[in-house]
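Chain and residue survey
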Amino acid sequence: MATTTATGAEGTRKLRRNLKARHLNMIAIGGAIGTGLFVASGETIAEAGPGGALTAYALIGIMVWLVMQSLGEMSAYLPVAGSFQEYGTRFVSPSFGFAMGWNYWFNWAITVAAELVAAALVMKYWFPEVDSIVWSAGFLAILFTINALSVRAFGEGEFWFAAIKVITVVVFLILGVAMIFGIMGGEMTSGENWTTGDAPFVGGGMGILAVFIVAGYSFQGTELVGIAAGEAENPEKTLPRAIRTIFWRIMLFYIGAIAIIGFLIPYTDPNLLRASEENIAVSPFTLVFDRAGIALAAGLMNAVILTSVLSAGNSGLFASTRMLYSLANNGDAPKFLGKLSKHHVPMNALYATTAVGMAGFITSLVGDGAAYTFLLTLSALAGFITWMGISWSHYKFRAALKAQNKSLDELPYRAKFFPLGAVIALVLCFGVVIGQAYGPIVNQENMFAILSPYLGIPVFLALWFGHKMVKKTKGVDPAHADLSRVVD
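**Here we look at the overall build of the chain**
Counting secondary structure elements, the chain contains 19 helices and 2 strands. Computed over the C-alpha atoms, the radius of gyration of the chain is 22 Å, within 12% of the 23 Å expected from 2.2 N^0.38 for a compact globule of 488 residues. Dimensions of the chain along its principal axes, counting C-alpha atoms only, are 65 × 50 × 50 Å. Counting over 488 residues, the chain shows a buried share of 59%. Considering only residue pairs separated by 6 or more positions, the chain has 80% of its internal contacts joining residues 24 or more positions apart. Summing over all exposed atoms, the chain offers an accessible surface of approximately 19100 Å²; the carbon and sulfur share of this is 66%. Looking at charge distribution, the chain has the averaged site of its 31 positive side-chain charges lying 14 Å from that of its 29 negative ones.

As structure tokens, this is what we get:
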């Protein structure tokens, strides 16, 4: 059995490469399909119109594809559990890699807490009298068990979680097209929803900008495939294959779903602004399934939303555990966190991450939940910081290849449109980050509300420069960057 050469505290015990190609494909797809598509897509159409929502999601999709091109090139060449934390360390600076790793770990550890809160809200649809903490504790136990068993158990769990989401979207697309052409009752849709009122672009460029930010959050999680690369079977072949298919599948799902919603539901429909985990009955998916005559459509979509929440929690626990494990192996976290179980799972890192996720959930129950809201605010930009870090690390990776006279033919997978692609991804990510203030400014909120979305930036910079001051590290010279491949 091939394994990564990174070792835990037990020396010879290593992570196992037990994730197959089908696991990687579903991890990549499942990471991007969630409540952003099933619930928030309706709100984006209401705010920007069907044309504005399509434009925003297409632009974000292209940005994510470019980021994934960068990640795919590096992870196929160097498939390790730490992924972009390792790349930041090797090609930018040890301090940059340190900040990238802890930023990503914190982001997903808090996301686990957020998914526990969301899962409890979803369960209230069926069991309104049961206390939220019962469901959250039960789901956390399930996610912990899946991750503790083995990486194969995680891969299988995520495969089936993601498969349910994919099947739902495919059925939605088929039914939607049939309804548009009048095959399933009613008459053929004339497309009036795209021409009435301010459609297809509501609010013009500013409407697109507002949706642009929401779309950016919807796509977060696609980079999980880079973390999974450290335990992927035959990564030189399976990773490029997964990267090539991610973009087209995700774009088909998002663009197709938004186009169908735009045809079947007018952007002025008040239901589109009311959908949430607490009111799944007015999710655009629920509305379309209901009009198609599917019995218990709301209950069906509630089950799918629950699957999405558990999928996100499962992936979040896996990603943050592996990142903490990698930090420990690099000497950037306590060494005991790098210890592996007999099933080759970093159990101490899993215990620590689970404890943080549980603590985050508990803060949501204390008082008015202000502490929990603050934690979510701190982690809000972590995903975009990670994407920018991937693009920058890729730029420096290529600089190292050039400086050391390495041929691009040595790369198992080569990113398209380099260096323009990496630069465009950086610029678009930066635009999304700057745009965080758009909503509070438009709503004339106070200065704290305008600045609070950016709280994650000074935390990241403090990690970066704090480590630099303590360790006296310097930027990596491309001519001396570590291009060794630690895969056997």
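That shown, we press on.
**Notes on empty space enclosed by the protein**
One pass over the structure, following the stated rule, counts 2 cavities of 30 Å³ or more. Quantified by volume, the largest cavity comes out at close to 60 Å³. Considering every element that reaches the lining of the largest cavity, the biggest residue donor is helix α10 (residues 235-264), with 5 residues. Size it by volume and the second largest cavity reaches roughly 40 Å³. Taken together, Leu66, Gln69, Ser70, His394, Ala415, Lys416, Phe417, Phe418, Gly421 and Ala422 form the lining of the second largest cavity. Where the lining of the second largest cavity is concerned, the elements lending two or more residues are α3 (40-77) and α16 (420-434). Per element, the largest residue contribution to the lining of the second largest cavity is 3 residues, and it comes from α3. Of the residues in the lining of the second largest cavity, the class split is 5 nonpolar, 4 polar and 1 charged.

**Here's the deal with helix α1 (residues 21-32)**
With 12 residues, α1 should cover 16 Å at 1.5 Å per step; its first-to-last C-alpha distance of 17 Å lies within 8% of that length. Three or more residues of α1 are buried, namely His23, Leu24, Asn25, Met26, Ile27, Ala28, Ile29, Gly30, Gly31 and Ala32. Among the structural elements, α7 (151-180), α8 (204-218), α9 (224-228), α10 and α12 (297-329) are those in contact with the buried residues of α1.

**So, unusual backbone geometry**
What is expected of a backbone is that most residues other than glycine have negative phi and most peptide bonds are trans. Going from Phe418 to Pro419, the amide bond is cis rather than trans, its omega being 5°. Mapped onto the fold, Pro419 is located in the loop between α15 (382-403) and α16. At Asn234, a residue that is not glycine, the phi angle is positive and equals roughly 50°. Inspection of the secondary structure puts Asn234 in the loop between α9 and α10.

**Some words on the packing of α3 against α10**
Remark: α3 packs on α10, axes separated minimally by 9 Å, with the N-to-C direction vectors making an angle of 175°. Considered as vectors, α3 and α10 are oriented roughly antiparallel to each other. The residue inventory of the contact of α3 with α10, partitioned by class, reads 21 nonpolar, 6 polar and 1 charged.

**Things to note about helix α19 (residues 456-471)**
Taking 1.5 Å of rise per residue, 16 residues should cover 22 Å, and α19 covers 22 Å from first to last C-alpha, within 8% of that figure. The complete set of buried residues in α19 reads Gly456, Phe460 and His467. Take α19 and look down its axis: the buried residues cluster within an arc of 45°, on one side only. Turned more than 90 degrees away from the buried face of α19 sit Ala462 and Met469, all of them exposed. Buried residues along α19 sit in contact with α5 (94-123), α14 (370-379) and α15. Among the residues trailing α19, Lys472 stands out with phi positive, at a value near 55°.

Quick notes on the rules
- Residues numbered from 1 in each chain as written.
- Predicted model: local features only at pLDDT ≥ 70, side-chain atom pairs only at ≥ 80, totals over all residues.
- Heavy atoms only, no water.
- Helix = DSSP H or I, 4+ residues; strand = E, 2+ residues; numbered from the N terminus.
- Rg over C-alpha atoms; globule rule 2.2 N^0.38 Å.
- Buried < 20%, exposed > 50% of the residue type's maximum accessible area, 1.4 Å probe, protein only.
- Contact = heavy atoms within 4.5 Å.
- Areas by Shrake-Rupley, 256 points an atom, 1.4 Å probe, with all protein chains shown as cover.
- Lys, Arg positive; Asp, Glu negative; His and termini not counted.
- Charge placed at Lys NZ, Arg CZ, Asp CG, Glu CD.
- 1 Å grid on protein atoms, 1.4 Å probe; cavity = no way out; pocket = protein on both sides within 12 Å on 5 of 7 lines; lining within 4 Å.
- Points joined across faces, edges and corners; volume = space filled by probe spheres on them.
- Nonpolar A, V, L, I, M, F, W, Y, C, P; charged D, E, K, R; others polar.
- Expected span 1.5 Å × (residues − 1).
- Axes fitted to C-alpha atoms, helices over the stretch in contact; angles between N-to-C directions.
- Parallel < 35°, antiparallel > 145°, perpendicular 65-115°, else oblique.
- Arc of directions from axis to C-beta.

Purely geometric numbers; function is a separate question.
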